[in-house]
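Chain and residue survey
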Protein chains: 2
Amino acid sequence: MSAMTIAADSLTTLAQKTRNAARQLAATPTIVRDQALAAIADALEANAAEILAANAADCEAAQTNGIGSALYARLKLNQAKLQGAIQGVRDVGHLADPIGAVQIHRELDTGLDLQRVSCPLGVLGVIFEARPDAVMQISSLAIKSGNGVILKGGQEAIRSCTALVKAIQAGLAQTDIEPAVVQLLTTREETVALLELDQYVDLIIPRGSNSFVQFVQNNTRIPVLGHADGICHLYVDAAVDFDQAVTIAVDSKTHYPAACNAIETLLVHHNIAETFLPKLATVMGEQSVELRGDAKACEILPNIAAATAEDWTTEYSDLILAIKVVDGLEAAITHINTYGSRHTEAIATTDKPTAKEFMSQVDAAGVYHNCSTRFADGFRYGFGAEVGISTQKMPPRGPVGLEGLVTYKYELVGDGHIAATYSGSDAKPFTHKDL
Amino acid sequence: MSAMTIAADSLTTLAQKTRNAARQLAATPTIVRDQALAAIADALEANAAEILAANAADCEAAQTNGIGSALYARLKLNQAKLQGAIQGVRDVGHLADPIGAVQIHRELDTGLDLQRVSCPLGVLGVIFEARPDAVMQISSLAIKSGNGVILKGGQEAIRSCTALVKAIQAGLAQTDIEPAVVQLLTTREETVALLELDQYVDLIIPRGSNSFVQFVQNNTRIPVLGHADGICHLYVDAAVDFDQAVTIAVDSKTHYPAACNAIETLLVHHNIAETFLPKLATVMGEQSVELRGDAKACEILPNIAAATAEDWTTEYSDLILAIKVVDGLEAAITHINTYGSRHTEAIATTDKPTAKEFMSQVDAAGVYHNCSTRFADGFRYGFGAEVGISTQKMPPRGPVGLEGLVTYKYELVGDGHIAATYSGSDAKPFTHKDL
């Protein structure tokens, strides 16, 4: 079935098909899924010319429509970018299989054997703006983890996504896995409808702007993996190595200002603010970072603009840094727990008990001591792949690798065991022996 | 602060107080939390007379209002039930500490050390009907896991809950833990308001009827731990030990019919239906179970009522069992994945490959082979405590012990490490060495 004919089906029928295909996929051994990834990579290579032509048409249309330059950069594929993405598909094949892992193995009684085994979630719904390379990355992660996936790309990438999914399905057609495990939606209406399919879709992964992710979070009962804001802080304690703190601040702010793990606000202990802030301002100035300060910071750095209340809640995604002078650790923690988006929060200090208290009391997926917030990333953590970064409280939290695409089942095997045996006045005790 | 004065505060202020108190609690060592549980148990014992008197007043008012007998049984405390619950508080003190567990420990590079450490969620919102013993159980699990808890009991249990929370707070006042970690709401309006406090409350645990849980699930953005329906099945395969299958069916249906892990529908392979169903009907008849069958089942058992479409989606919570004759494994799996509530599903078969396929393809928190569905329970699984049973897809799933009340943080400790070192053309490689 080609991607083009699928769009004609009703979404519910399509979702059911994906679910059924995914059910078969869930039962496949590792090698079948890994061979499928190789087949997909081969098919993408074989269809590279067609994919690049489709992308060129998307790019041309986008330019006619006056697309922004950042979005255009994400939309545009070339031979090297495509090859890199195809290599990414092959790399996913070499990751450890996230399904079938035995997490608990316990004898409840003789012959009554409990195992908790990791298994696929079922069907993923992935909604992304522009970037067509997400199709390849997400499809390969979904197949590796035994999940079906319904993709909805941005309208501006429709030709690219269609060509990519067609190639992926052609690759799957060479394997024992039904091509229907990967589906593409092409209309805007389908996005909203997809968010309502909680009966068939187990996880939504939105990729795009903060407001887009927030829209998704607010419009579905399906669990959402992702985060809207990335408001991260660096707190510079009184006991601190000035040079190190400046270096960490600069990296956290300037290494990639548009990233969610860049800092937006620097908090500094009032005891050292007068000596630290001028040093910081000099280096930040060299990096063209605009500083905005609270009243105390502006006293010390009279040339910077005053921060307003809005600054503490803004993800600049730009070379702007808000600065606040705080009375100490308690005030820093309170500010972070109030305004932070629970993403990644760092402290620079030479005092270990202070660092320990910070890390214990700050409410965030990542709490860092003497290093840049920019390390908050699945690849840097060594997960091999990154599905997304979650700022929800329940796991999976923080950078999420393949484990975010699996859940688990309790498998209990007996030989006629019944609960009545273990109840009442002459109840047989459980053995509860870990195996 | 007593439970009575708290109700006068605004809910948001109360939630903030709980959150702040919980933040301190999160940083306490195991021994402080365990001592607090002992202090709570002592205070409950010291205030037993007052608690029982408050409960007697609740019971009297409930009878005047014509409360149902099942609800009355849950509402009623006596010396033995109270002592049992207090022992439960002490027992929680002896469980392993769920917080501070190192789940991942990895060197990203020399001196850059990543740990994933379990930590409390923050604040739990627990809403329950009648049963005042839930106050003691939930409060102790919350404190053990380092969480604050806002409790909302049923209107009919208001005096009991108030006396219990007063005693719990009096116990906490003897310790280093702020009594504000445990709070009680007393008005119906506060329940709805609580569900909107996603800024302060991290997990909602509803305890009550299916419709009540569904109401909670549909009216909050806060994650909900629990399940509305428990529609479980037993599939009796063609290759089966008849006696064993009947025994499992009877236990699964009759051991405690009101439980969520009781079966509602029995599916039977058509090859054996003619010989199996009469045997089943005889034993179920002895247990006063009403049978309802699809067309084929009614042909074989002409005395039973016909099942309607509604039967496949109904949790009877009673001695009623629907029966459907299916063509085989595939049809059984399809029925279960369509009508099951993803709670617990069992197969009776002597054929291991069939069992394996069933367990792999059925979508449920528990998939059982040759044993009763009634084993789906945190205590039976050996978790020591049960927070609830979750039928959501993402973990925690199935019976949930203390692990459902914790999440994790990534703690990264460096010595001035910055991301720029590991980027660009002369990027230093990560070591990614598990420690």
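Quick notes on the rules
- Residues numbered from 1 in each chain as written.
- Chains lettered and ligands numbered in written order.
- Predicted model: local features only at pLDDT ≥ 70, side-chain atom pairs only at ≥ 80, totals over all residues.
- Heavy atoms only, no water.
- Pairing = 2+ DSSP bridges.
- Helix = DSSP H or I, 4+ residues; strand = E, 2+ residues; numbered from the N terminus.
- Axes fitted to C-alpha atoms, helices over the stretch in contact; angles between N-to-C directions.
- Contact = heavy atoms within 4.5 Å.
- UniProt positions renumbered as here; feature names shortened; annotations may be inferred.
- Buried < 20%, exposed > 50% of the residue type's maximum accessible area, 1.4 Å probe, protein only.
- Right-handed = clockwise from strand over helix to strand, strands pointing away.
- Phe/Tyr/Trp six-rings, centres within 6.5 Å; stacked < 30°, edge-to-face > 60°.
- Lys NZ or Arg CZ within 6 Å of the ring centre and 35° of its normal.
- Salt bridge = Lys/Arg side-chain N within 4 Å of Asp/Glu carboxyl O.
- Parallel < 35°, antiparallel > 145°, perpendicular 65-115°, else oblique.
- Left-handed = near helix turned anticlockwise from the far one by under 90°.
- Polar contact = N/O pair within 3.5 Å; in protein donor to acceptor, adjacent residues only side chain to side chain.

Regarding the sheet that holds strand 6 (residues 203–207) of chain A
Residues and elements named next belong to chain A. Read across the sheet, 4 strands follow the order 5-4-3-6 without closing on themselves; strand pairing throughout is parallel. Edge positions in the open sheet fall to strand 5 (182–185) and strand 6, since each of these has one partner strand only. Taken pair by pair, the neighbouring strands of this sheet meet at an average axis angle of 20°, ignoring direction. Sheet strands touched by helix 2 (residues 11–26): strand 3 (123–128), strand 4 (148–152) and strand 5. Its angle to strand 4, the strand with the most contacts, is close to 145°. Of the strands in this sheet, strand 3 and strand 6 are in contact with helix 10 (residues 210–218), which crosses strand 6 at around 160°.

Some points on the UniProt feature "domain: Aldehyde dehydrogenase" (unreviewed entry) in chain A
As recorded in UniProt, the feature "domain: Aldehyde dehydrogenase" (unreviewed entry) lies at residues 11–307 of chain A. Counted over residues 11–307 of chain A, helix gives 52% and strand 19%. Its end C-alpha atoms are 48 Å apart.

Re unusual backbone geometry
All names here are of chain A. Residue Pro 396 is bonded to the preceding Pro 395 through a cis peptide linkage, with omega at -5°. As for its position among the elements, Pro 396 is in the loop between strand 14 (388–390) and strand 15 (398–400). Phi at Arg 342 is positive, roughly 65°, even though this residue is not glycine. Note on placement: Arg 342 falls in the loop between helix 14 (329–339) and strand 12 (344–348). In this structure, His 432 takes a positive phi of about 45° despite not being glycine.

Here's the deal with the pairing of strand 12 (residues 344–348) of chain B
Residues and elements named next belong to chain B. Counting buried positions over the 5 residues of strand 12 gives 5, a clear majority of the element. In strand 12, alternate side chains face the same way, and those of Thr 344, Ala 346 and Ala 348 on one face and Glu 345 and Ile 347 on the other are all buried. For strand 7 (residues 232–236) and strand 12, the ladder comprises 4 bridges, and the chain directions are parallel. Note on strand 12: the bridge partner recorded for His 233 is Glu 345. Bridge count between strand 12 and strand 13 (residues 366–371): 4 bridges; the pairing is parallel. Opposite Glu 345, over in strand 13, you have Val 367 as the bridge partner. After leaving strand 12, the chain enters helix 15 (residues 352–361) and then returns to the sheet as strand 13, a path that is right-handed.

Focus: the packing of aromatic side chains
As enumerated under the stated definition, the model contains 18 aromatic pairs over all chains in all. Centroid distance Phe383(A) to Tyr410(B): 6.1 Å. Interplanar angle 55°. Geometry classified as tilted. Placement of Phe383(A) in the loop between strand 13 (366–371) and strand 14 and of Tyr410(B) in strand 16 (residues 406–417) is noted, with the two residues assigned to different chains. Tyr410(B) sits in the buried class, given a relative accessible area of 0%. Every member of this aromatic cluster is reached through a ring pair, and the members are Tyr381(A), Phe383(A), Tyr408(B) and Tyr410(B). Arg116(A) extends its terminal NZ or CZ atom over the ring of Tyr408(A), reaching a point 3.9 Å from the ring centre. When the ring centre of Trp312(B) is taken as reference, the NZ or CZ atom of Lys324(B) above it lies at 5.5 Å.

Some points on the pattern of salt bridges
In total, this model carries 47 salt bridges over all chains according to the counting rule given. Here Glu50(A) and Lys166(A) are joined by a salt bridge, their closest N and O atoms 3.2 Å apart. Of this pair, Glu50(A) sits in helix 4 (residues 48–64) while Lys166(A) sits in helix 8 (residues 158–173), placing them 116 residues apart in sequence. One continuous salt-bridge network, built from bridges that share partners, spans Arg19(A), Asp202(A), Arg342(B), Asp363(B), Lys393(B) and Arg397(B).

As for the packing of helix 7 (residues 133–144) of chain A against helix 8 of chain A
Residue and element names in this part refer to chain A. It is the contact of helix 7 with helix 8, at a shortest axis distance of 10 Å, that shows an interaxial angle of 30°. Here helix 7 is positioned roughly parallel relative to helix 8, judged by the angle of their axes. By crossing handedness, the relation of helix 7 to helix 8 is classed as right-handed. Listed contacts from helix 8 to Val 135, Met 136, Ser 139 and Ile 143 of helix 7 are Cys 161, Leu 164, Val 165, Ile 168 and Leu 172.

Examining the environment of Ala193(B)
Residue and element names in this part refer to chain B. Mapped onto the elements, Ala 193 comes out in helix 9 (residues 188–195). Take Ala 193: its relative accessible area is 27%, and that puts it in the partly exposed class. The sequence separation of Ala 193 and Gln 115 amounts to 78 residues, and the corresponding C-alpha distance is 37 Å.

Side note on the side chain of Ser145(B)
All names here are of chain B. Structurally, Ser 145 is set in the loop between helix 7 (133–144) and strand 4 (148–152). Ser 145 gets classed as buried once you look at its relative accessible area, which sits at 0%. Of the polar contacts made by the side chain of Ser 145, one reaches the backbone oxygen of Leu 141; its length is 2.8 Å.

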